[in-house]
Amino acid sequence: MSNSIIGSFSKSFQKRKNIDVIGEKPAWMKGLPTADVNIPSLVNRDTQAKTLEAHFKKTGGFDFRLWDAPKVAELPDGTKYLYDGDHSRHMYKLAFPKATSIPVALRKIETVQEVHQLFHLINGGSRKNVSAEERFVHQCLSGDVKALETANKLKECGLRVYCSGEEKGSIGASNGRLVRVRGFEAAVRASSLHNVKEATKLIKATFKGESSVNTELLEGLAIVLKDYPEVATSGVYCGKFQDWFKANTVNSQQPLATHWKTEGGRVHHRHGASVAKGIMQDFLKKSCEPKPKLQINRLSARGV
């Protein structure tokens, strides 16, 4: 946070005469105390122009439904300091340039040190950030088109994303294994929905006692099935590959995925491809005679 905006807005943003205001100030907000819109903050993070602009672009303007009132601390002598929500303050100022006061959540304190303590507690662990899975479930329930497309893909693969144990708290196949949504989406992008579906089946058949699917292993295996159709369903080496894969006696997916990722070079931002390379190196080395006639360098196009 900072008392002034750092950096510059884009030229297109600067040309805007007004910020669109979405909705009306809710009744509960009208009952809040107010403070000078330019109330100072103490030794806080910079408020970047690009961050504010990104917020407006994402929400389509200043949306009262999404806006949180800044948090302000008041000393016994009446001095006030803003300790959380400077981005909210500057968004309010940009949307209402003539405003001289702003609704705030007010806390009474005794010393200046408490201002810094409140900042530390608020931003250092007193609240839990929303996980990608929790956000995804709520996106689906809100009718988000892209999220619902992913939900259908999850169902097709027999997987689900978990938010809570409440009704509608999971999205995907009702009794599917759990999966991280970003990892699942990455696996589909790296291969295809069909290959992810086939990879899921093979992982389930191999690790029957687990309730989730490791997404690095999922992506790596899906890449193998895409880049080496000979080992995929109906491929000439399909049976040999599946028998070899299922014969792994490791009790958990995680150590196996880590082993193959390391064997594949553990290339930064190429973890799925690294796992795929490790899988194929292991398969070509350990599979029984006659050895499959496959080249490991097919994966070089993926940067591993």
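Above this note sits the structure.
If you're wondering where the values come from, they're calculated on a predicted model, not measured in any experiment.

Conventions adopted
Residues numbered from 1 in each chain as written. Predicted model: local features only at pLDDT ≥ 70, side-chain atom pairs only at ≥ 80, totals over all residues. Heavy atoms only, no water. Helix = DSSP H or I, 4+ residues; strand = E, 2+ residues; numbered from the N terminus. Rg over C-alpha atoms; globule rule 2.2 N^0.38 Å. Buried < 20%, exposed > 50% of the residue type's maximum accessible area, 1.4 Å probe, protein only. Contact = heavy atoms within 4.5 Å. Areas by Shrake-Rupley, 256 points an atom, 1.4 Å probe, with all protein chains shown as cover. Lys, Arg positive; Asp, Glu negative; His and termini not counted. Charge placed at Lys NZ, Arg CZ, Asp CG, Glu CD. Axes fitted to C-alpha atoms, helices over the stretch in contact; angles between N-to-C directions. Parallel < 35°, antiparallel > 145°, perpendicular 65-115°, else oblique. Nonpolar A, V, L, I, M, F, W, Y, C, P; charged D, E, K, R; others polar. Phe/Tyr/Trp six-rings, centres within 6.5 Å; stacked < 30°, edge-to-face > 60°. Expected span 1.5 Å × (residues − 1). Polar contact = N/O pair within 3.5 Å; in protein donor to acceptor, adjacent residues only side chain to side chain. Pairing = 2+ DSSP bridges.

1. Observations regarding the overall build of the protein
Thinking step 1. Within the protein, the regular secondary structure consists of 13 helices and twelve strands.
Thinking step 2. Scaling as 2.2 N^0.38, a compact globule of 304 residues should have a C-alpha radius of gyration of about 19 Å, whereas the protein reaches 26 Å, well beyond that.
Thinking step 3. The principal-axis extents of the C-alpha atoms in the protein amount to approximately 85 × 45 × 35 Å.
Thinking step 4. Within the protein, the fraction of its 304 residues that count as buried is 43%.
Thinking step 5. A fraction of 71% describes how many contacts in the protein between residues 6 or more apart in sequence connect residues 24 or more apart.
Thinking step 6. Here the protein has roughly 17000 Å² of accessible surface; of this, 50% comes from carbon and sulfur atoms.
Thinking step 7. Between the mean site of the 47 positive side-chain charges and the mean site of the 31 negative ones, the protein shows a separation of 5 Å.

2. Concerning the packing of helix H11 (residues 238–246) against helix H13 (residues 271–286)
Packed helix pairs are specified by the crossing angle of their axes together with the interaxial distance, meaning the distance between the axes.
Thinking step 1. Taken N-terminus to C-terminus, the directions of H11 and H13 make an angle of 105°; their axes are 11 Å apart at the nearest point. What the angle tells us is that H11 and H13 run roughly perpendicular. Residues Lys240, Phe241 and Trp244 of H11 form the contact with H13, whose participating residues are Ile279, Met280, Asp282, Phe283 and Lys286.
Thinking step 2. Each residue belonging to the contact of H11 with H13 can be placed in one class, and the counts come to five nonpolar, no polar and three charged.

3. Observations regarding the packing of aromatic side chains
In this description, a pair of aromatic rings is defined by centroid distance and the angle of the planes.
Thinking step 1. In the structure shown here, the tally under the stated rule is 16 aromatic pairs.
Thinking step 2. Look at phenylalanine 13 and phenylalanine 56: their rings are 6.1 Å apart centre to centre, the planes differ by 25°, and that puts the pair in the stacked class. With phenylalanine 13 in helix H1 (residues 11–14) and phenylalanine 56 in helix H3 (residues 49–59), the pair connects residues that are 43 residues apart, well separated along the chain.
Thinking step 3. Judged by its relative accessible area of 9%, phenylalanine 13 is buried.
Thinking step 4. Take phenylalanine 56: its relative accessible area is 1%, and that puts it in the buried class.
Thinking step 5. Between the aromatic rings of tryptophan 244 and tryptophan 260, the centroid separation amounts to 5.8 Å while the plane-to-plane angle is 35°, which identifies the pairing as tilted. Of this pair, tryptophan 244 sits in helix H11 while tryptophan 260 is found in helix H12 (residues 253–263), placing the two residues 16 residues apart along the sequence. Neither residue differs from the other here; tryptophan 244 and tryptophan 260 are each classed as buried.
Thinking step 6. Every member of this aromatic cluster is reached through a ring pair, and the members are Phe62, Phe64, Trp67, Tyr92 and Phe96.

4. Observations concerning helix H10 (residues 215–227)
An α-helix turns once per 3.6 residues; consequently, residues spaced three or four apart project the same way.
Thinking step 1. In a regular helix each residue adds 1.5 Å, so 13 residues correspond to 18 Å; H10 covers 18 Å between its end C-alpha atoms and thus fits that length.
Thinking step 2. Taking burial as the measure, the 13 residues of H10 include eleven buried ones, the bulk of the element.
Thinking step 3. All buried positions along H10 are accounted for by Thr215, Leu217, Leu218, Glu219, Gly220, Leu221, Ala222, Ile223, Val224, Leu225 and Asp227.
Thinking step 4. At the N-terminal boundary of H10, the capping side chain belongs to asparagine 214, with an oxygen 3.0 Å from the backbone nitrogen of glutamate 216.

5. Quick word on the sheet that holds strand S7 (residues 80–84)
Thinking step 1. Taken together, the three strands give an open sheet; going across it, the order is S7-S6-S9, and neighbouring strands pair in mixed fashion. Both edges of this open sheet fall to S7 and strand S9 (105–108), since each of them pairs with a single strand only. With strand direction ignored, the average angle separating the axes of adjacent strands in the sheet is 35°.
Thinking step 2. With four bridges connecting them, strand S6 (residues 71–74) and S9 associate as parallel partners. Paired with alanine 73 across the strands is arginine 107, a residue of S9.

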